[in-house]
Amino acid sequence: MSGAGTKVFVFGRHRKKLQMLQTLSTGGGGVEVELVDTSTPEGQSTLTDAAASMDCVVEATGSPNGFDQACGLLHPLGTLVLKSTCAAGVEKGLNLAMIVIDELRVVGSRCGPTDLALKVLADQGPLGFKHTFPLGELVEAVYKLDDIQEAFEKAGERGSLKVVVEM
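This structure is a prediction, so every number in the text was calculated from the model and none was measured.

Caption draft 1: Structural detail: the overall build of the chain. For the chain, the count of helices and strands is 7 helices and 7 strands. Its helices and strands taken in sequence order, the chain reads β-α-β-α-β-α-β-α-α-β-α-β-α-β from the N to the C terminus. Classification of the 167 residues of the chain by burial places 23% in the buried group. Contacts spanning at least 24 positions in sequence make up 49% of the contacts within the chain whose residues lie at least 6 apart.

So, in structure tokens, the structure goes:
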């Protein structure tokens, strides 16, 4: 996405994750990125003010609450891109009313081609693309294979990012 005047909001409630994105928010290219911490009163106010104002929202929380918030941010006929399955919401009765009432377009999005992702991670992406995101900061912990149980426990902690198991 690029273009003068484009504004992207990133809503989240984990300050640590939002801080990681801070470097991306100053990338230029005519795109303004606003990081919004919804765990604060100011962030909740921004979330409320943004209701029904977005053309496109990417939902990646995996929670029914995140799904509802994403739908609420879209104006009628907007596009919801689902990066998560909200599987827990299906068990509890996921509310699809806003999709029908506001005639939202829903687009599913998978991870994409693994071979291309590996090239980008190796700084050999197409068209000379080089990633600038500090990927090492995503690693929460590193464990030996003998400590696999502890690694799974760490990975299951709320807010945990990536856990590496060395073989």
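So much for the structure itself; the text now carries on.
Caption draft 2: Representation of the pairing of strand 6 (residues 139-144) within the structure. Pairing analysis gives 5 bridges linking strand 6 to strand 7 (residues 162-166), with the strands arranged parallel. Each residue of the ladder has a partner; that of alanine 141, found in strand 7, is valine 163. Taken together, strand 6, helix 7 (residues 148-155) and strand 7 constitute a β-α-β crossover, and its handedness is right-handed.

Caption draft 3: Structural context of the pattern of salt bridges. According to the stated counting rule, one finds 5 salt bridges in the structure shown. Aspartate 37 is the salt-bridge partner of arginine 15, the closest N and O atoms lying 3.1 Å from each other. One end of the pair, arginine 15, is in helix 1 (residues 15-21); the other, aspartate 37, is in strand 2 (residues 31-37), with 22 residues separating them in the sequence. A salt bridge links glutamate 166 to lysine 144, with the shortest nitrogen-to-oxygen separation between them at 3.1 Å. Taken together, the positions of glutamate 166 in strand 7 and lysine 144 in strand 6 put the pair 22 residues apart, joining distant regions of the chain.

Caption draft 4: Focus on the nonpolar core. The biggest cluster of nonpolar side chains holds 13 residues, and the ones touching the most others in it are Met54, Val57, Phe67, Cys71, Leu73, Leu74 and Leu80. For this core, the secondary structure elements donating two or more residues are strand 3 (54-59), helix 3 (64-73) and strand 4 (74-82). It is helix 3 that provides the largest number of residues to this core, a total of 4 residues. What leucine 74 contacts, discounting residues up to four positions off in sequence, is Ala52, Ser53, Met54, Asp55, Cys56, Val57, Thr79, Leu80 and Leu104.

Quick notes on the rules
Going along each chain's sequence as written, the residues are numbered from 1 onward. Only residues with pLDDT of at least 70 get local features here, since the model is predicted, and only at 80 or more are side-chain atom pairs given and counted; chain-wide, interface and lining totals rely on the full set of residues. To get the side-chain values, all heavy atoms of the structure are used, and hydrogens and water are removed first. Secondary structure elements follow DSSP: runs of H or I of four or more residues count as helices, runs of E of two or more count as strands, with numbering from the N terminus. Only protein chains enter the accessibility calculation, which uses a 1.4 Å probe. A residue is then buried if its area is under 20% of the maximum for its type, exposed if over 50%, and partly exposed in between. Contacts are assigned to residue pairs with any non-hydrogen atoms lying within 4.5 Å of each other. When DSSP finds two or more bridges between a pair of strands, those strands are recorded as paired. Handedness is read with the strands pointing away from the viewer; a crossover is right-handed when the path from the first strand over the helix to the second is clockwise. By salt bridge we mean one thing: a side-chain nitrogen of Lys or Arg within 4 Å of a carboxyl oxygen of Asp or Glu. Throughout, nonpolar core names a set of buried Ala, Val, Leu, Ile, Met, Phe, Trp, Tyr and Cys residues whose side chains join them through atoms within 4.5 Å.

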